[in-house]
Each structure stands twice: as C-alpha cells, then as structure tokens.
Amino acid sequence: MREPFAITIDGPAASGKTSTAYQVAEALGFHHVDSGALYRAATAAALRANPAGNWNEPAVLVAARIVEMEARKASFCPLLAGEDAEGEIRGEAVTAKVSAIAKMSGVRDWVNAQVRDLADLHDVVVDGRDIGTVVLPNARVKVFLLAEARERARRRLLQRLGREGTDSELDEEAAKLAQRDALDAVQTVPAPDAIMLDTTDMSQAEQVRQIIDLARAAGASE
Ligand code: DC
C-alpha cells in the first residue's frame, strides 16, 4: 500500500486556513483535520468539567477523554461525549481560554498524537500553527498562509456578521487578532520548506486552486 499523503496548512488566526484546508481535502478526496478544533474541544471539555476554569494540565487531560474524532465525508471532527459540539467549541467562552490550554505541553502532545494517528492511515490536509514544523515534518506539501491583519479582520467580521464591518469594528477586530497572534506566536512559525502564500489579495477559490496545484505537482491524485 502506498504511503498516505499529507498536506499541512499553517498560519495565524483568520488567515483562512480551516476553510481552505477543508476545500482542498474535498477536491482531492482527502480528509481535513483541523488541529485547532482539537485544542478547542479539549478546552470545551475542561470548561464542562470545571466552569470556574482553574485548570492544571492533568485535569485538562482527564476532561479531554470525552473527545473523540468522528470520520465524516471529507473531514475528521471532534465529538464531545459522542455528540457534535461545533457551536460550543467555536463559542466565546472556549475562544477566550483556548490559547492558555494550547500552551500546556501535555495537551500539545495529546493533539499531536491524534493528528499523527490519522495521518498514518489517511490522506489528510491538516491545518494549524505547527503542523509542518512539529507535528508532520515529513508532510509532502507544506503551506503557510499569510494575510494582512486588516484583511483578516475584514474576513472574520464578514463571516461572523454576514456583512462588511464598519471602520471601528475593523479596528476592534484587528486589535483582537493582534492579541491572538501574540498569544500564539511561539508555535506559529513557518517550516523552512513551507511555501508562503500571501492571500491578502487572493480569493478563497484562488488559494484553494494554488494548493491543489502544489499537491498535484507533488504527486497527489484523487
Ligand atoms: O485556529 P484556531 O483559532 O481554531 O486555534 C485555536 C487555538 O489553538 C489557538 O489559540 C491556537 C491554538 N493552536 C495551536 O496552538 N496549534 C495548532 N496546531 C492549532 C491551534
């Protein structure tokens, strides 16, 4: 049997990694794995176990036992206690706490082991921060997505509000993103062999197309 093919897509918050990775996986017949969703699922599990949020690493790892990955058509998604929890893991309470939980080395090991187990068995497109550097350093295609902060803020607001943000909303969102970037900076580093893709002036379809072309050039087939 041939070796599974892995594509990694890393980059800062709101750079479009997750939706891009999903569409690339769908087009190639691969599975998308959103590593950020695993950090979010661990955080949601910890919040369920102890809403006051005084967690240490062992407590988070015990709470995270309710997380399992479910295979869907073009992705693997985390379930909490056997149920879809997409709204919960993307919610504000989780978003406010996830950077702190993602700093715990045991939690990073837990996420990385799950991603590697999936990549050992399936063709995957994995998005995150450190996938090309730490988690899957031998991936066949590595991409690092960049976009200017204000454009990332614009996309985030469009997604959340369903309309363009006003100037003050854009300023506020860009400041929030800068804060997130600072919290996640240590692990958000491009691999030396990653292809840097600045998507500031690119449409979603264009960035998906470019990554599919890179994957095909590296030997990926549907
Ligand atoms: O991409 P996201 O916003 O869903 O990520 C959630 C959090 O997890 C964010 O604080 C960054 C962190 N994360 C990480 O440290 N390493 C990854 N590979 C993916 C996400």
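Not measured: the values here are computed from a predicted model. (Residues numbered from 1 in each chain as written. Predicted model: local features only at pLDDT ≥ 70, side-chain atom pairs only at ≥ 80, totals over all residues. Heavy atoms only, no water.)

(A) Spatial organisation of the site of the ligand. In the region of the ligand, 17 residues are neighbours, and Arg40, Arg108, Arg129, Arg180 and Gln187 sit closest. Within the contact set of the ligand, an oxygen atom lies 3.0 Å away from a side-chain nitrogen or oxygen of Ser99. Asp184 is positioned with one of its side-chain polar atoms (N or O) 3.1 Å from an oxygen atom of the ligand. When the ligand sits alone it has 450 Å² of accessible area, and the protein chains cover 97% of it. At the level of elements, α2 (35–49), α5 (92–102) and α9 (167–184) are the ones that each hand at least two residues to the shell around the ligand. When residues in the shell around the ligand are grouped by element, the largest group, 4 residues, is from α2. Residues that form the shell around the ligand fall into these classes: 4 nonpolar, 5 polar and 8 charged. (Near = heavy atom within 4 Å. Polar contact = N/O pair within 3.5 Å; in protein donor to acceptor, adjacent residues only side chain to side chain. Areas by Shrake-Rupley, 256 points an atom, 1.4 Å probe, with all protein chains shown as cover. Helix = DSSP H or I, 4+ residues; strand = E, 2+ residues; numbered from the N terminus. Nonpolar A, V, L, I, M, F, W, Y, C, P; charged D, E, K, R; others polar.)

(B) Just the pairing of strand β6 (residues 124–128), in detail. Buried residues dominate β6, accounting for 5 of its 5 residues. Burial along β6 is two-sided: Val124, Val126 and Gly128 facing one way and Val125 and Asp127 facing the other are all buried. Bridging between strand β1 (residues 6–10) and β6 involves 5 bridges; their strand directions are parallel. Across the sheet, Ile7 pairs through a bridge with Val125, a residue of β6. (Buried < 20%, exposed > 50% of the residue type's maximum accessible area, 1.4 Å probe, protein only. Pairing = 2+ DSSP bridges.)

(C) Looking closely at the nonpolar core. Core analysis: the largest hydrophobic core is formed by 38 residues, its most contacted members being Val33, Val115 and Leu136. With residues near it in sequence (within four places) discarded, Val33 still touches Met69, Phe76, Val115, Leu118, Val124, Val125, Val126 and Asp127. Counting residues in hydrophobic clusters, the runner-up holds 19 residues, among them Leu28, Val125, Leu197 and Ala220. (Core = buried A, V, L, I, M, F, W, Y, C linked by side-chain atoms within 4.5 Å. Contact = heavy atoms within 4.5 Å.)

(D) Quick look at the pattern of salt bridges. Overall, the coordinates contain 19 salt bridges when judged by the stated rule. Across the pair Asp84 and Arg72 runs a salt bridge, and its minimum N-O distance is 3.0 Å. In this pair, Asp84 is assigned in strand β5 (residues 83–84) and Arg72 in the loop between β3 (67–71) and β4 (75–80), connecting sequence segments 12 residues apart. Taking relative accessible area as the criterion, Asp84 reaches 48% and is therefore assigned partly exposed. For Arg72, a relative accessible area of 31% gives the class partly exposed. Residues Asp184 and Arg180 are paired through a salt bridge, measuring 3.5 Å at the closest nitrogen-oxygen approach. Here Asp184 pairs with Arg180, and both are found in helix α9, just 4 residues apart, close to one helical turn. Linked through salt bridges whose partners overlap, the residues forming this network are Glu151, Arg154, Arg155 and Glu164. (Salt bridge = Lys/Arg side-chain N within 4 Å of Asp/Glu carboxyl O.)

Honestly, that's just the spatial picture; any functional story needs more than this.
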